[in-house]
Amino acid sequence: MAVNGPRPIIIGNWKMNGTSESLGEIRLMTGMLDGVELGCDVVVCPPATLIRQVHEMLSESKIGTGGQDCHPEPNGAFTGDISAEMLRDAGARYVILGHSERRHYHDESDALVRRKAEAAHRAGLVAIICVGETELERGAGDTLDVVSRQLAGSVPKGSGAENTIIAYEPVWAIGSGVTPTSDEIGEVHRAVRHWLAERLGDEAARAMRILYGGSVKSTNAADIFAIPDVDGSLVGQASLKAKDFLGIIGQFAPC
Ligand code: PEP
């Protein structure tokens, strides 16, 4: 974590997991955190069907709620899609955009991710913009080029620490149980911070949170959070169970 850097944030991405039965995990989480002073911000991004319920269950806590995607338009004939305004109306304050699973399975381009991020800003949501290289790209030595190209294409004008979070998620580390070395993570986070400074200025770059995501769990979180320029994490699998998620959140002492 950057010394004197922004307050860390841990964001749970439930992906396409969770029915009303899973709300028990939210209940467990609020129970375990009752009266506890958190050392980081916390957000849960359940599937869209659960956003309102999760938001209501978390309303007494400091934990935020987010969506996992949004359409660029505010409304219209886009069957099956959900707008940023609808997420906001359901209680979301954050939205994950450009996750590698969206880029891969839904062919999302950087330009589309940027339009979605603009929609998020329009609706008053914090856009969590994901970038990261594939195994092939890392093997070819292209990691930094890929990440800066994704940033250039996906981060809209008007982005700042108050409305945008960057999540570096190497595709090959997501759900694989494999993580990059600390040096590899540090190199990319440093490059992201540098890119942000050039585009948004030093102050905005220092304040913006840059998260690492990919097979983070309670057993490796402390080492990852000790890396300079890592301001928290986007967590998939380990966010589904309250006990696992709290094991990660607990790595940050209240400050
Ligand atoms: C993710 O999908 O954003 C993610 C980080 O997943 P996992 O933690 O399961 O690797």
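Note: the structure precedes this text.
Participant: Lay out the packing of helix α1 (residues 23-33) against helix α11 (residues 242-249) with the relevant residues and their values.
Facilitator: Two elements in contact, α1 and α11, have axes whose closest approach is 9 Å; the angle formed by their N-to-C orientations is 40°. By the criterion of interaxial angle, the relationship of α1 to α11 is oblique. At the point where α1 passes α11, the crossing takes the right-handed sense. Contact with α1, carried on its side by E25, L28, M29, M32 and L33, involves A242, K243, F245 and L246 of α11 and no other residues of that element. Of the residues belonging to the contact of α1 with α11, the class tally is seven nonpolar, no polar and two charged.

Participant: Got a sec to walk through helix α8 (residues 182-200)? Specific residues and values, please.
Facilitator: If you check α8, its first and last C-alpha atoms are 26 Å apart, about what 19 residues at 1.5 Å a residue would give, namely 27 Å. When we look at burial in α8, the residues that qualify are I185, G186, V188, H189, V192, R193, W195 and L196. For α8, the elements touching its buried residues are α6 (135-139), α7 (143-154), β6 (164-168), α9 (202-207), β7 (209-213) and α10 (218-225). Where α8 terminates, the next one or two residues include G201, which has phi positive at roughly 95°.

Participant: Any details on the nonpolar core? Residues and values, ideally.
Facilitator: A general tendency of soluble globular proteins is for nonpolar side chains to be buried together. Grouped together as the largest cluster of nonpolar side chains are 62 residues, with contacts concentrated most on I10, M29 and I166. When near neighbours in sequence (up to four residues on either side) are disregarded, I10 contacts C40, D41, V42, V43, F225, G232, S233, V235, F245, I248, I249 and F252. Counting 13 residues, the second-largest nonpolar core is a separate cluster that includes V43, C45, V126 and C130.

Participant: Got a sec to walk through helix α5 (residues 110-122)? Specific residues and values, please.
Facilitator: Its 13 residues place the ends of α5 18 Å apart at the C-alpha level, agreeing with the 18 Å of an ideal helix rising 1.5 Å per residue. Residues of α5 that are buried include every one of D110, V113, K116, A117, A119, A120 and H121, and no others. Residues of α5 that are buried make contact with α3 (84-90), β4 (94-97), α4 (100-105), β5 (126-131), α7 and β6.

Participant: Requested: an account of the packing of aromatic side chains, with residues and values cited.
Facilitator: By the definition in use, this model includes two aromatic pairs. Between F225 and F252, the ring centres sit 4.6 Å apart and the planes meet at 25°, which makes this aromatic pair stacked. With F225 in helix α10 and F252 in the segment after α11, this pair connects stretches of sequence that are 27 residues apart. Residue F225 shares its accessibility class with F252, and that shared class is buried.

Participant: Help me get a handle on unusual backbone geometry, residues and values and all.
Facilitator: A positive phi is found at K15, a non-glycine position, where the angle reads about 55°. On the secondary structure map, K15 appears in the loop between β1 (9-13) and α1. Within the chain, D107 stands out as a residue other than glycine whose phi angle is a positive 55°. As for its placement among the helices and strands, D107 is situated in the loop between α4 and α5.

Participant: Break down the sheet that holds strand β8 (residues 232-235) for me, citing the residues and quoting the values.
Facilitator: Read around the closed barrel, eight strands run β1-β2-β3-β4-β5-β6-β7-β8, paired in parallel fashion. Each strand axis lies, on average, 25° off the axis of its neighbour in the sheet, ignoring direction. Across four bridges, the pairing between β4 and β5 is parallel. Within β5, the residue paired with I96 across the bridge is I128. Seen against the sheet, α8 touches β6 and β7 and runs at an angle of roughly 150° to β7.

The rules we used
- Residues numbered from 1 in each chain as written.
- Predicted model: local features only at pLDDT ≥ 70, side-chain atom pairs only at ≥ 80, totals over all residues.
- Heavy atoms only, no water.
- Axes fitted to C-alpha atoms, helices over the stretch in contact; angles between N-to-C directions.
- Helix = DSSP H or I, 4+ residues; strand = E, 2+ residues; numbered from the N terminus.
- Parallel < 35°, antiparallel > 145°, perpendicular 65-115°, else oblique.
- Left-handed = near helix turned anticlockwise from the far one by under 90°.
- Contact = heavy atoms within 4.5 Å.
- Nonpolar A, V, L, I, M, F, W, Y, C, P; charged D, E, K, R; others polar.
- Expected span 1.5 Å × (residues − 1).
- Buried < 20%, exposed > 50% of the residue type's maximum accessible area, 1.4 Å probe, protein only.
- Core = buried A, V, L, I, M, F, W, Y, C linked by side-chain atoms within 4.5 Å.
- Phe/Tyr/Trp six-rings, centres within 6.5 Å; stacked < 30°, edge-to-face > 60°.
- Pairing = 2+ DSSP bridges.

Structural measurements only, silent on function.
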